[in-house]
Amino acid sequence: LTSGVIVPGNITNVIVRVPTVIDGLVEGSEDLTLTANTSANNGSLVSGIGTITEIVPVVTIVDSNGATAGQVTVNESDLATGSNPAGTAENASGTMTVNAPNGVVSMNFGGTVITLAQLNAATVGAPIVINTGEGSLSITGFNAGTGLLNYTYGITAAQNVAGTSVLDSLNITLTDGASVTSA
């Protein structure tokens, strides 16, 4: 990038804005060098170094389980066919926080892509339901201003693993307005 700026002689500092390219690549921090020719230094070059910092979106799932694996716990025994069908712990609610300074475009829940418009429309009465294979994840609300996403996870069938816990894992990513996707 080469361009010129003329700075009047009585000015001792100047702000130079450098346009960046939104290329969708997570590149970390990048250094740039600004070099100027000044008559005050008899035509010798002066330079300064700046840093462009990439902003990567982040999804943080609140862990309601403490030392137990996973973020929420549900009980198979509380299914209609379980040993405690009157129980209600086959479902558990939780929250996650989305931090995307470049704005949210979409979220991917284990291969199911949900747009910002869909997230904004999700309610308890009209949730977005995602089949996880072991159960279902229901997005029940999203506040784009705070980044708070509410969900309910429910087990949908017996797991057939006597005496042991089952962990239902789901990869969740976020794509922001700069086409950068969270890890």
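Use the structure listed above.
(A) Structural view of the overall build of the chain. Along the chain, the regular secondary structure elements total 1 helix and 10 strands. For the chain, the N- to C-terminal ordering of α and β elements is β-β-β-β-β-β-α-β-β-β-β. Here the chain holds 183 residues, and the buried ones make up 26% of them. The long-range fraction of contacts in the chain, counting pairs at least 24 apart against all pairs at least 6 apart in sequence, stands at 48%. Accessible surface, the chain as shown: approximately 11,600 Å² in total, 53% of it carbon and sulfur.

(B) Geometry of the environment of A178. Inspection of the secondary structure puts A178 in the segment after β10 (172-176). With a relative accessible area of 11%, A178 lands in the buried category.

(C) Quick peek at the sheet that holds β10. Judged by pairing direction, the sheet is antiparallel, and its 3 strands sit side by side in the order β6-β5-β10 without closing on themselves. In the strand order of this sheet, the two ends are held by β6 (112-115) and β10, each with one partner. Shown here is a sheet whose adjacent strand axes are inclined to one another by a mean of 20°, direction ignored. For strand β5 (residues 104-109) and β10, the ladder comprises 5 bridges, and the chain directions are antiparallel. The residue bridging M107 from the neighbouring strand is L174, located in β10.

Reading the values: rules and limits
Residues numbered from 1 in each chain as written. Predicted model: local features only at pLDDT ≥ 70, side-chain atom pairs only at ≥ 80, totals over all residues. Heavy atoms only, no water. Helix = DSSP H or I, 4+ residues; strand = E, 2+ residues; numbered from the N terminus. Buried < 20%, exposed > 50% of the residue type's maximum accessible area, 1.4 Å probe, protein only. Contact = heavy atoms within 4.5 Å. Areas by Shrake-Rupley, 256 points an atom, 1.4 Å probe, with all protein chains shown as cover. Pairing = 2+ DSSP bridges. Axes fitted to C-alpha atoms, helices over the stretch in contact; angles between N-to-C directions.

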